Amino acid sequence: MDRNPSPPPPGRNKEEEEVAGGDCIGSTVYSKHWLFGVLSGLIQIVSPENTKSSSDDEEQQMELDEEMENEICRVWDMSMDEDVALFLQEFNAPDIFMGVLAKSKCPRLREICVGILGNMACFQEICVSISSDENLGQVLLHCLYDSDPPTLLETSRLLLTCLSQAEVASVWVERIREHPAIYDSICFIMSSSTNVDLLVKVGEVVDKLFDLDEKLMLEWVRNGASQPLDQPQEESEEQPVFRLVPCILEAAKQVRSENPEWLDVYMHILQLLTTVDDGIQAIVYCPDTGKDIWNLLFDLVCHEFCQSDDPPIILQEQKTVLASVFSVLCAIYASQTEQEYLKIEKDLPLIDSLIRVLQNMEQCQKKPENSAESNTDETKKTDLTQDDFHLKILKDILCEFLSNIFQALTKETVAQGVKEGQLSKQKCSSAFQNLLPFYSPVVEDFIKILHEVDKALADDLEKSFPDWFQTPVPKKSCLSIPWIKMAEPEDGNFLHTENHMERSCPGEYVELRVKVK
């Protein structure tokens, strides 16, 4: 039989409410007294009496009491609140956590303590305080040598948070530089871990470090080399072995196996490596690694990202990872190495992928029918500008790569591409639309080869672009202009020499002879 509901509890008097209010942390309902009790319990765990252990109770220290775990996990959740984080800072909780990390062997407890510090570091004032504590910094970096994946994950999250704060980022970069063993630990994680969450977070830390400090990136690239990168290759019988790049490759493969969309960070790391000569060498001149990276990226753009059955709008989600992937492929391709995997007849599908992305980009950049209404929304205008910026970067990379491939095409390769469909009229037209006017010499050379392979197709393409192929190109002209005083224009369209200037203009070459006063 159901009973009637219980009456409401008697109301507290004013004095009780004031006492309860004084026990609250900031504007929250969390109790100071309760939090003091949890922190006191942590202190007891790492007290000298409890840390003296024998082999009999060492196993017990690896486990955390269930009640204590529940309470400290509540603190972990609470620490996301700024009032609680500031109260913990005021109560010197970071020092307590540092003691736990230095003395406790319990993986779960160590993970939670680093996690709480990671939450606290999200607030700038506390992040600066944590970063300025040299002892705490050393203890936290030592956590990167831990064998417990959850602890490594929380440590990586904390480091990424600090590295993202401009005021303290340089402090952490220098600390990491002073600890060479961190390089070994990170390489080990990337090459052996199957925990994708950990791999992504470690990748974000590496990406941020390389973005902040090119010198550190060069040190890490050279760290695994068996010979100096500036030593001529013919002076050594063995190829140099680079540890960093193979580790990045292994991590990327593992991440891809679970979710290719998480590959963005590792593709960006590879892109950063291609911005320096040593990074290019580390990728290209280690044959097996270079081939494996090329094959992975080739497979991503030909069979994974932005496929023919995907809607064009998918490009908005994949534009950053595609920019990194194509940038690395372009850098490897332009490295002028005679590697078998770089033979263009084997990589004709790349042309298909490049043109498909360019076609999708045209669709994404088309203004909607109700664009007049959408332009009234300032937020949408800002988003559109940002999208256009990223798409422009991607387009520049695609066009440079496509032009490099076109320059390497032979008569036999063009014939194969026409036969297999990679160089159909529609695809060539899309390529020309994007390559002209900036890559007009490349297009003109390609048309000459195409005339030898398929004259009808070449003629059709020339008719589709009459401004470029049917208008006679003006001959080189010479104009005498006395006493002209020239200033360097900011747009860079004019190239100056001592007695003439040349203007770069598609289909036209004009020389102006100028008498120098």
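Quick note: structure is the one above.
Please read all numbers here as calculations on a predicted model, not as lab measurements. (Residues numbered from 1 in each chain as written. Predicted model: local features only at pLDDT ≥ 70, side-chain atom pairs only at ≥ 80, totals over all residues. Heavy atoms only, no water.)

(A) Highlighting the overall build of the chain. Summing up its helical and strand segments, the chain has 28 helices and 4 strands in all. Counting across all 517 residues of the chain, residues that qualify as buried make up 44%. At a minimum sequence separation of 6, the contacts of the chain that also span at least 24 residues come to 72%. When the accessible surface of the chain is totalled, it reaches about 28100 Å², and 49% of it is carbon and sulfur. (Helix = DSSP H or I, 4+ residues; strand = E, 2+ residues; numbered from the N terminus. Buried < 20%, exposed > 50% of the residue type's maximum accessible area, 1.4 Å probe, protein only. Contact = heavy atoms within 4.5 Å. Areas by Shrake-Rupley, 256 points an atom, 1.4 Å probe, with all protein chains shown as cover.)

(B) Structural view of the pattern of salt bridges. Enumeration over the complete set of coordinates arrives at 18 salt bridges. D459 is the salt-bridge partner of K455, the closest N and O atoms lying 3.0 Å from each other. With K455 and D459 both in helix α27 (residues 455–464) and 4 residues apart, the pair spans about one turn of that helix. Overlapping salt bridges, with partners in common, bring together E174, R177, D213 and E219 in one network. (Salt bridge = Lys/Arg side-chain N within 4 Å of Asp/Glu carboxyl O.)

(C) Summary view of the environment of A431. Mapped onto the fold, A431 is located in helix α25 (residues 425–435). Taking C-alpha positions, A431 is 9.3 Å from S403, a pair spaced 28 residues apart along the chain. Ignoring any residue separated from it by four or fewer positions in sequence, one finds A431 in contact with I355, L402 and F406.

(D) View of the nonpolar core. In terms of nonpolar packing, the biggest core is built from 151 residues, with Y266, F326 and F406 touching the most fellow members. Leave out the neighbours within four places in its chain, and F326 touches V301, L354, V357, L394, I397, L398 and F401. (Core = buried A, V, L, I, M, F, W, Y, C linked by side-chain atoms within 4.5 Å.)

(E) Region of the structure containing helix α16 (residues 244–258). With 15 residues, α16 extends 22 Å between its outermost C-alpha atoms, agreeing within 8% with the 21 Å of an ideal straight helix rising 1.5 Å per residue. Among all positions of α16, only L244, V245, C247, I248, L249, A251, A252 and V255 are buried. (Expected span 1.5 Å × (residues − 1).)

(F) Seen up close, helix α24 (residues 411–420). Regarding α24, the residues found buried are T413, V414 and G417. Around the axis of α24, the buried residues are gathered within 100 degrees of arc, so they sit on the same side. Exposed positions of α24 whose direction lies more than 90 degrees from the buried face are E412 and K419. Buried residues along α24 sit against α21 (348–365) and α26 (440–453). Remark: G421 follows α24 within two positions and exhibits a positive phi of approximately 100 degrees. (Arc of directions from axis to C-beta.)

(G) Up close: empty space enclosed by the protein. If you walk through the whole model with that rule in mind, you get 2 cavities of 30 Å³ or more. The calculated volume of the largest cavity comes to roughly 40 Å³. Contributing to the lining of the largest cavity are L144, S156, L159, I186, I189, V202 and V205. Of all the elements in the fold, those that place two or more residues in the lining of the largest cavity are α11 (149–163), α13 (181–192) and α14 (196–212). Its residues assigned to classes, the lining of the largest cavity comprises 6 nonpolar, 1 polar and no charged. (1 Å grid on protein atoms, 1.4 Å probe; cavity = no way out; pocket = protein on both sides within 12 Å on 5 of 7 lines; lining within 4 Å. Points joined across faces, edges and corners; volume = space filled by probe spheres on them. Nonpolar A, V, L, I, M, F, W, Y, C, P; charged D, E, K, R; others polar.)

(H) Structural view of the environment of D292. With respect to the helices, strands and loops of the structure, D292 is situated in helix α19 (residues 287–303). Between the C-alpha atoms of D292 and P246, which are 46 residues apart in sequence, the distance is 9.1 Å. Not counting residues up to four positions away in its chain, the partners in contact with D292 are L249 and K253.

(I) Structural context of the environment of V173. As for its position among the elements, V173 is in helix α12 (residues 169–177). The class for V173 is buried, based on a relative accessible area of 4%. For the pair formed by V173 and C162, sequence separation is 11 residues and the distance between their alpha carbons is 10.0 Å. Those residues in contact with V173 that lie beyond four places of it in its chain are L163, L209, L212, D213 and L216.

(J) Summary view of the packing of aromatic side chains. Using the criterion set out here, one finds 11 aromatic pairs in the structure. Centre to centre, the rings of F406 and F446 are 4.6 Å apart; their planes meet at 25 degrees, and the pair counts as stacked. Of this pair, F406 sits in helix α23 (residues 378–408) while F446 sits in helix α26, and the two are 40 residues apart along the sequence. Each residue in the set W294, F326, Y333 and F401 is aromatic and connected to the rest through ring pairs, giving one cluster. Of note, R175 hangs over the ring of W172, and the distance from its end group to the ring centre comes to 4.7 Å. (Phe/Tyr/Trp six-rings, centres within 6.5 Å; stacked < 30°, edge-to-face > 60°. Lys NZ or Arg CZ within 6 Å of the ring centre and 35° of its normal.)

(K) Highlighting unusual backbone geometry. Omega for the peptide link from L436 to P437 comes to 5 degrees, which places this bond in the cis form. With respect to the helices and strands, P437 occurs in the loop between α25 and α26. Positive phi outside glycine occurs at N92, with the angle close to 60 degrees. Under the relative-accessibility criterion, N92 is labelled partly exposed at 45%.

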